[in-house]
Amino acid sequence: GVNCGHPSSSRGDSSGNNNSSNESSESWDQKHARWGDEYRDQGNWSAAAEEYRKAIANDPSWYGYYNMFGDALKHLNDYAGALDAFRKGDSLHPHSEWSHSNIGFCLEQLGRTDEAISEYKMAIRSRGDPAYAKQRLMVLQHSTPAANLNAEGSRAYASGDYARAAKLFAQAQEKYPDPAY
């Protein structure tokens, strides 16, 4: 299988190394998370979600599993399920990296704009993804010519094309700067 070394799935080993000697000492939650990461790396989001769900079932106290599960559900366009997972992860570890941007994204996809705006504002104040949150706020709070670039960037972000999304958001900010930021 793929040895992805994703730090989020190897919480007991901060190096992220998943070699055969420590695979045998992994708990079941860690094994399911590692298998979920392998499926994720292959683009098999359904299988990844199932493995992350199993990791949660084996250890429901670790916030990272909920975030990984939410990310998989987000890629499956299950925004309500992803929102629940991200919120559960945030309740276990408040203001974890990316939590407010992820929650805001799900709320936005569900048409809950006012709540999404609030989450993006919290993301800007936290250590999550303030650049993304600022661009989403620009779209949601202001009607500007940058809206098309930002909408295209959001679609790229939702599909997992983060580099293209960042480029589009940067173009929108450069061409149509928001003086509030």
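Up top is the structure these notes are about.
These numbers come from a predicted model, not from an experiment. (Residues numbered from 1 in each chain as written. Predicted model: local features only at pLDDT ≥ 70, side-chain atom pairs only at ≥ 80, totals over all residues. Heavy atoms only, no water.)

What am I meant to see in the overall build of the chain here?
Across its full length, the chain holds 10 helices and 0 strands. Reading the helices (α) and strands (β) of the chain from amino to carboxyl end gives α-α-α-α-α-α-α-α-α-α. Counting across all 181 residues of the chain, residues that qualify as buried make up 46%. Contacts in the chain between residues far apart in sequence, at least 24 positions, make up 47% of those at least 6 positions apart. For the chain, the accessible area works out to roughly 8900 Å², and carbon and sulfur atoms hold 49% of it. (Helix = DSSP H or I, 4+ residues; strand = E, 2+ residues; numbered from the N terminus. Buried < 20%, exposed > 50% of the residue type's maximum accessible area, 1.4 Å probe, protein only. Contact = heavy atoms within 4.5 Å. Areas by Shrake-Rupley, 256 points an atom, 1.4 Å probe, with all protein chains shown as cover.)

How should I be thinking about helix H5 (residues 79-92) in this particular structure?
Quick reminder: α-helices carry 3.6 residues per turn. Residues three or four places apart thus point the same way. Here H5 spans 20 Å end to end across 14 residues, near enough to the 20 Å set by a 1.5 Å rise per residue. Looking only at H5, the buried set comprises Tyr79, Gly81, Ala82, Leu83, Ala85, Phe86, Gly89 and Asp90. Looking at the buried residues of H5, the elements they touch are helix H4 (63-75) and helix H6 (99-109). (Expected span 1.5 Å × (residues − 1).)

When you look at the packing of aromatic side chains in this model, what are you seeing that I'm missing?
Any pair of aromatic rings gets described here by the distance separating the centres and the angle formed by the planes. The tally for this structure, following the rule as stated, stands at 9 aromatic pairs. Between Tyr132 and Tyr157, the aromatic rings sit 4.3 Å apart at their centres with planes inclined by 20°, giving stacked as the arrangement. Of the two residues, Tyr132 is situated in helix H8 (residues 130-141) and Tyr157 in helix H9 (residues 147-158); the sequence distance between them amounts to 25 residues. For the residue pair Tyr132 and Tyr157, the accessibility class agrees, reading buried in each case. For the cation-ring pair, Lys31 lies above Trp28, with the distance from its terminal atom to the ring centre recorded as 4.7 Å. (Phe/Tyr/Trp six-rings, centres within 6.5 Å; stacked < 30°, edge-to-face > 60°. Lys NZ or Arg CZ within 6 Å of the ring centre and 35° of its normal.)

What am I meant to see in the nonpolar core here?
Note that soluble globular proteins tend to have their nonpolar side chains buried in a common cluster. Counting 34 residues, the largest nonpolar core has Tyr52, Tyr65, Phe69, Phe105, Tyr120 and Tyr132 as its most contacted members. Where this core is concerned, the elements lending two or more residues are helix H3 (45-58), H4, H5, H6, helix H7 (113-125), H8, H9 and helix H10 (162-175). For Phe69, the residues in contact, after removing those within four places along its chain, are Ala49, Tyr52, Arg53, Ile56 and Ala85. (Core = buried A, V, L, I, M, F, W, Y, C linked by side-chain atoms within 4.5 Å.)

Sorry, what's going on with the pattern of salt bridges here?
Oppositely charged side chains may form a pair once their charged atoms are brought near each other. Evaluation of the coordinates by the stated rule reveals 9 salt bridges. Note that Arg34 and Glu38 form a salt bridge whose closest N and O atoms lie 3.5 Å from each other. Pair noted here: Arg34 and Glu38 are both in helix H2 (residues 28-41), with a separation of 4 residues, about one helical turn. A single burial state applies to Arg34 and to Glu38, both of which are buried. Across the salt bridge formed by Arg40 and Asp41, the nearest N and O atoms sit 2.8 Å from each other. Exposure remark for Arg40: the relative accessible area of 16% places this residue in the buried category. A single salt-bridge network, built from bridges that share partners, covers Glu26, Arg34 and Glu38. (Salt bridge = Lys/Arg side-chain N within 4 Å of Asp/Glu carboxyl O.)

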